[in-house]
Amino acid sequence: MGTLAVEPRFFSISLRSAWSLSDLPPRELEELVPTQAHHQAVSTPTSPSSPLGTPRQATEGREVDLRRGSSTSGPGLGGLGTSPGVREGLRVPVLAASLVNPCFLKEGERTDRCTMASEKTGLSLTQEILSSLGLANKTAAWGTLGTLRTFLSFSVDKDVQRLLRAIAGQGVDRNAIVDVLTNRSREQRQVISRAFQERTQQDLLMSLRAAVSGNLERMVVALLQPAAHFDAQELRTALKDSGSAEDVVVEILATRAPPQLQECLAIYKHDFQVEAEEDIKCETSGTLQDLLLALAEGGRESCSEIIDYNLAEQDVQALRRAEGPGTEGTWVLILTQRNPEHLIRVFEQYQRCTGHELEQTVRDRFHGDARVALLSLASVIRNTPLYFADKLHQALQDTEPNYQVLTRVLISRSETDLLSIRAEFKKKFGKSLYSSLQDAVKGDCRLALLALCRAEDL
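Residues numbered from 1 in each chain as written. Predicted model: local features only at pLDDT ≥ 70, side-chain atom pairs only at ≥ 80, totals over all residues. Heavy atoms only, no water.

**Here we look at the overall build of the chain**
For clarity, the threshold we go by: Note on conventions: DSSP H or I runs of at least 4 residues are helices, E runs of at least 2 residues are strands, and numbering of each starts at the N terminus. Only protein chains enter the calculation, and the probe is 1.4 Å; a residue is then buried if its accessible area is under 20% of its type maximum, exposed if over 50%, and partly exposed in between. Residues count as neighbours in contact if any of their non-hydrogen atoms are within 4.5 Å of one another. Computed with the Shrake-Rupley method and a 1.4 Å probe, the accessible areas treat only the protein chains shown as cover for residues.
In terms of regular secondary structure, the chain is built from 26 helices and two strands. Sorting the 458 residues of the chain into buried and exposed places 50% on the buried side. Put simply, of all contacts in the chain between residues at least 6 apart along the chain, 72% involve residues at least 24 apart. Put simply, the chain shows about 21,800 Å² of open surface, and 49% of that area lies on carbon and sulfur atoms.

What follows is the structure in structure tokens.
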């Protein structure tokens, strides 16, 4: 077979809660949008229904889903993946060089080529598409379901000057402070902080804390801290507040990727001169203690391409037998050591065997803090974005919104999967997260929370 001509192609991500091309800086926009000549050559009319407003391909019909385990997965539980609702919305037309446009093939070659293409799985096809695209390694264009992305027109000098003017003039310009901090990635905010120190001999965090107060001050601190420091502080606060250990500690230990968790625990030891595990032993007991220590150990198996049906059956039977006293360790072992893909199969098979969800057994079998923690962990395993959507909704239902939860979740997920969380929120509660924040949140931090959420979901 001779050399085949390959037509360069573009693809779009059909996601209700995505960025539009109008959000992109000019340089990135030029890279994403084909030239006039290319439009004339391939005739790609724009789809009015596409959320991204990117060209619809003339050749349509065959699509590949970016499902759990793809490069767009959030880091929760070591790459647990996007939620089912969002996965349904992520459909990428197969238009990479690996699938040649049939128009360029000879008549006898078309059937064989299409047959070969149809044999590829969705995951490998997705990987092939990404490897063929020049944009594959650009986080701002691909690879994130976060609302906050690296700012491509970043100028540290301009940002430092703007922050100086915001706090040095007559009256504090809170809008300018929020605009800078909520439109730069955490890494870029660290660069700004170091540059501010070098140019002014003053600490940016201390300067901003002196300029703002209340919930906005807490948000500024959270935005300027490195992620591991922020998590370590939240973990310490939760462990010393017995009323939230089973909630916050499970959230941090179960949803951070292994490298993030290791760094968090190292910072915890450095800042507080004690191992987090020692505080867990001092502040908790029983099954809750065993569960938190197992999560902190970080011994969860990595996902494997090999499906072990025998192990899934063994785990289901072990959980069914673990109903009497002294069998709590079986639940802890399986839920904290098995990889999330395997656990999803265990959950499904458990329901087929028993006629009810595993969570119902947890409610009947356990009590108090242990039950709350195990249910939270099961929710994380099933659907991490939905887990966070539930937490945000609960935080907004109180007479006074829980600003600590809102701040922690929106900041910690803003660069990973907040788009997925927004989609799950709208799907479950019938109202967008953005509108819910608008209605419930008051005060100076309202602008910052809305900026992190970024946009309305229609």
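Read on, since the account is not over.
**Thoughts on the environment of V220**
Summarising the element assignment, V220 is placed in helix 11 (residues 214–224). For the pair V220 and L208, spaced twelve residues apart in the sequence, the C-alpha separation amounts to 7.5 Å. Once residues within four sequence positions are removed from consideration, V220 is found in contact with I177, L181, L205, L208 and V212.

**Some details on the side chain of D417**
Note the following rule: For this analysis, a polar contact is any N or O atom pair within 3.5 Å, provided that within protein one partner can donate a hydrogen and the other can accept it, and provided that sequence-adjacent residues contribute only side-chain to side-chain pairs.
Here D417 is to be found in the loop between helix 23 (403–413) and helix 24 (418–429). Judged by relative accessible area, D417 falls into the buried class, the value being 4%. Polar side-chain contacts of D417 include one of 3.2 Å to the side chain of T416. Once you skip the residues sitting within four places of it in the chain, D417 turns out to touch L145, G146, T384 and P385.

**Looking at unusual backbone geometry**
The backbone of Q273 shows a phi angle near 55°, a positive value even though the residue is not glycine. Residue placement: Q273 occurs in the loop between helix 14 (258–272) and helix 15 (276–283). Residue class for Q273 comes out exposed when judged on its relative accessible area of 67%.

**Some words on helix 10 (residues 204–211)**
To be explicit about the condition: Within this analysis, the arc is defined by the directions that extend from the helix axis to the C-beta atoms.
Every buried residue of helix 10 is accounted for by L204, L205, S207, L208 and A211. What you see down the axis of helix 10 is that its buried residues fit within an arc of 165°, all on one side. The exposed set on the far side of helix 10, more than 90 degrees from its buried face, consists of M206 and A210. Those residues of helix 10 that are buried are in contact with helix 7 (156–168), helix 8 (174–181), helix 9 (186–200) and helix 11.

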